[in-house]
Amino acid sequence: MKVISIVGARPNFMKVAPIHKAFGKLNKKINKKIEHLICHTGQHYDANMSKIFFEELELPKPDFYLGVGSGSHAEQTAKIMIEFEKVLIDEKPDLIIVVGDVNSTAACSIVAVKMGIKIAHVEAGLRSYDRTMPEEINRLLTDQIADYLFVTEKSGIENLKREGIPDNKIFFVGNVMIDSLIYYMPKAEKSKIISELKIGSTNFVLITLHRPANVDSPYFLKEMVSFLNTVAEKRPVVFPIHPRTSKNLKKYKIDRLLTKNVHLTDPIGYIDFLYLTKHAELIVTDSGGIQEESTYLGVQCITVRENTERPVTVEIGTNQLIGTDLEKVKNAAMDVLEGKLKQGSVPELWDGRAAERIVSILTDLDN
Ligand code: UD1
């Protein structure tokens, strides 16, 4: 059996790492050798958005690197499709595994389905019901054409059924990103990032904001600076900044308005970032994955979006969906810093074994 897993952008690497490990473990147990190859589309290409994750997650160098880089959605998607088709023609895998909802996920799935190659989608069924998000389109398309849909939370099962996906394609397996978090946390606990950042306190607020709907707007960015400066009066603020956000802050000359208790850093690797996530007093984010990581860790999280495709993090986790009005975000943040905490619990099957379940299902079904 030959399987190719696709990675493209930063949030993909920690999802494929446990799957790669699970195939390795299974291969040791059985005589039948399963060939698990990794294809990196090159959607993210800066060392601190890509290479550092391969090193830290102990992933082998990708077997295929498509080098597509940035571009408009059509450009990026088209380039991935053209290059990935060549890989499939040469390799003829039995199955591809795609994770999450980035452009690489949908692009590779479309190529595979037209060549009659089976597709497994890990993190299927999540829906924000906001079709202005490129990720929502990627999720919808991928789920319609995938053969195996691996779901992280129960809302995903309901969403897929509503879209007419038959029950026998849907598997509730848990969360591979949490597999990585559990596996790497002992290593992360040794991180020296706090002393390296010289923030002068072990209580800090962690910020990540990168969604185009937020950071492409100069109005939002100006409000964001005022929000960050207000929080920084209470606690040091650590803000590892995505290239998109960084470029826009410079473009609109807004970065200079930040006060010195706001610590802007380049994007941070997986291990140091896990440490920051676990030890933050509060996280303010518009990321998808961080809503889940903070829920698992029981860390207070404020999500700066109008909707979430990960409702379990709000229903039972420590996540609060506040919206993009930064005045409301500021009030919610101040409540947390004054001790008004949201209690949370860990969602079902987020136990570090999702990848094992996935690999076992895929290999059984193939027999
Ligand atoms: C992509 C995903 C998003 C995910 C995010 C995580 C899509 C549609 N979006 O968004 O779901 O949350 O990754 O980061 O797939 N850039 C660099 N260096 C890099 C990569 C990007 O400088 O290594 C800059 C480029 O200017 C590029 C911009 O960031 O144009 C955006 O990159 P892109 O891959 O298009 O989307 P993200 O915003 O990163």
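Report on the accompanying structure. (Residues numbered from 1 in each chain as written. Predicted model: local features only at pLDDT ≥ 70, side-chain atom pairs only at ≥ 80, totals over all residues. Heavy atoms only, no water.)

Our focus in this paragraph is the overall build of the chain. The helix and strand tally for the chain stands at 16 helices and 13 strands. Summarising its shape, the C-alpha atoms of the chain cover approximately 60 × 40 × 40 Å along the three principal directions. Here the chain holds 367 residues, and 58% of them are scored as buried. Considering only contacts in the chain between residues 6 or more positions apart, those separated by 24 or more positions represent 70%. In the structure as shown, the chain presents an accessible area of about 15600 Å², 52% of it carried by carbon and sulfur atoms. (Helix = DSSP H or I, 4+ residues; strand = E, 2+ residues; numbered from the N terminus. Buried < 20%, exposed > 50% of the residue type's maximum accessible area, 1.4 Å probe, protein only. Contact = heavy atoms within 4.5 Å. Areas by Shrake-Rupley, 256 points an atom, 1.4 Å probe, with all protein chains shown as cover.)

What follows concerns the pattern of salt bridges. Applying the stated criterion to the full structure yields 23 salt bridges. Here E91 ties to K2 by a salt bridge, and the two come within 2.7 Å at their closest N and O atoms. On the criterion of sequence distance, the pair formed by E91 in helix α3 (residues 73-91) and K2 in strand β1 (residues 2-7) is long-range, its members being 89 residues apart. A salt bridge links R357 to D351, with the nearest nitrogen and oxygen atoms 2.4 Å apart. One network of salt bridges, in which partners are shared, links K15, D101, E123, E136, R139, E292, R305, E309 and R310. (Salt bridge = Lys/Arg side-chain N within 4 Å of Asp/Glu carboxyl O.)

This part takes up the side chain of D286. Tracing the backbone through its elements, the reader meets D286 in the loop between β11 (282-285) and α13 (289-297). Of the buried charged residues, D286 lacks a salt bridge, with R211 as the closest side chain of opposite charge at 4.7 Å. There is a polar contact of 3.0 Å between the side chain of D286 and the backbone nitrogen of H210. If we skip the residues at most four places from it in the chain, D286 touches T208, L209, H210, R211, N214, V304 and R305. (Lys, Arg positive; Asp, Glu negative; His and termini not counted. Polar contact = N/O pair within 3.5 Å; in protein donor to acceptor, adjacent residues only side chain to side chain.)

So, about helix α7 (residues 176-188). With 13 residues, α7 extends 17 Å between its outermost C-alpha atoms, agreeing within 8% with the 18 Å of an ideal straight helix rising 1.5 Å per residue. Considering bend angle alone, the principal kink of α7 is centred on I182 and spans about 30°; proline P186 follows within four residues of it. Taken together, the buried positions of α7 are occupied by V176, M177, I178, D179, S180, L181, Y184, M185 and A188. (Expected span 1.5 Å × (residues − 1). Bend = angle between axes of the 7 residues up to and from the residue.)

Further remarks concern the site of the ligand. With respect to spatial proximity, 20 residues lie near the ligand, and among them Q43, H44, D46, E135 and K247 are the closest. With respect to the ligand, the side chain of D46 contributes an N or O atom lying 2.8 Å from a nitrogen atom. Taking 740 Å² as the accessible area of the ligand by itself, protein coverage stands at 88%. Only α1 (10-29), α3, α5 (134-145) and α11 (243-251) provide two or more residues apiece to the shell around the ligand. (Near = heavy atom within 4 Å.)

This part is about the nonpolar core. Counting 44 residues, the largest nonpolar core has I19, L57, I97, F150 and Y270 as the members making the most contacts within it. The element that contributes the greatest number of residues to this core is α1, accounting for 8 residues. Counting residues in hydrophobic clusters, the runner-up holds 30 residues, among them L228, L258, L282 and V329. (Core = buried A, V, L, I, M, F, W, Y, C linked by side-chain atoms within 4.5 Å.)

This next bit is on the packing of helix α12 (residues 270-279) against α13. In a pair of packed helices, the angle between the axes and the distance between the axes together describe the arrangement. As a packed pair, α12 and α13 sit with axes 10 Å apart at the nearest point and diverge in direction by 55°. As the angle between them shows, α12 and α13 are arranged oblique. Two packed elements cross with a definite hand, and for α12 against α13 that hand is right-handed. Across the interface between the two elements, Y270, F273, T277 and K278 of α12 pack against I290, E293, S294 and L297 of α13. Residues that form the contact of α12 with α13 fall into these classes: 4 nonpolar, 2 polar and 2 charged. (Axes fitted to C-alpha atoms, helices over the stretch in contact; angles between N-to-C directions. Parallel < 35°, antiparallel > 145°, perpendicular 65-115°, else oblique. Left-handed = near helix turned anticlockwise from the far one by under 90°. Nonpolar A, V, L, I, M, F, W, Y, C, P; charged D, E, K, R; others polar.)

Turning next to unusual backbone geometry. In this model, Y129 sits at a positive phi of 60°, which is unusual for a non-glycine residue. In the Ramachandran plot, K253 falls in the positive-phi region, its phi being about 50° despite a non-glycine side chain. Tracing the backbone through its elements, the reader meets K253 in the loop between α11 and β10 (262-265).

Time to look at the state of the cysteines. Scanning all chains against the criterion turns up 0 disulfides. Here C39 is not disulfide-linked; the sulfur of C108 is the nearest cysteine sulfur, at 5.9 Å. Judged by relative accessible area, which is 0%, C39 ranks as buried. (Disulfide = S-S within 2.5 Å.)

Right, let's get into the layout of surface pockets. Sizing a probe to match a water molecule and rolling it over the atoms shows the empty space that remains. Roughly 1200 Å³ of internal volume is contained in the largest pocket. What lines the largest pocket is a set of 48 residues, and nearest its centre among them are P11, H44, M49, H210 and H242. Among the elements that take part in the lining of the largest pocket, α1 stands out by supplying 5 residues, more than any other. (1 Å grid on protein atoms, 1.4 Å probe; cavity = no way out; pocket = protein on both sides within 12 Å on 5 of 7 lines; lining within 4 Å. Points joined across faces, edges and corners; volume = space filled by probe spheres on them.)

Let us look at α5. Between the first and last C-alpha of α5 there are 17 Å, a value that for 12 residues agrees with the 16 Å anticipated at 1.5 Å per step. Here α5 has its buried residues at E135, E136, N138, R139, L140, T142 and D143. On the buried face of α5, the contacting elements are β4 (95-99), α4 (103-114), β5 (118-124), β6 (148-151) and α6 (154-162).

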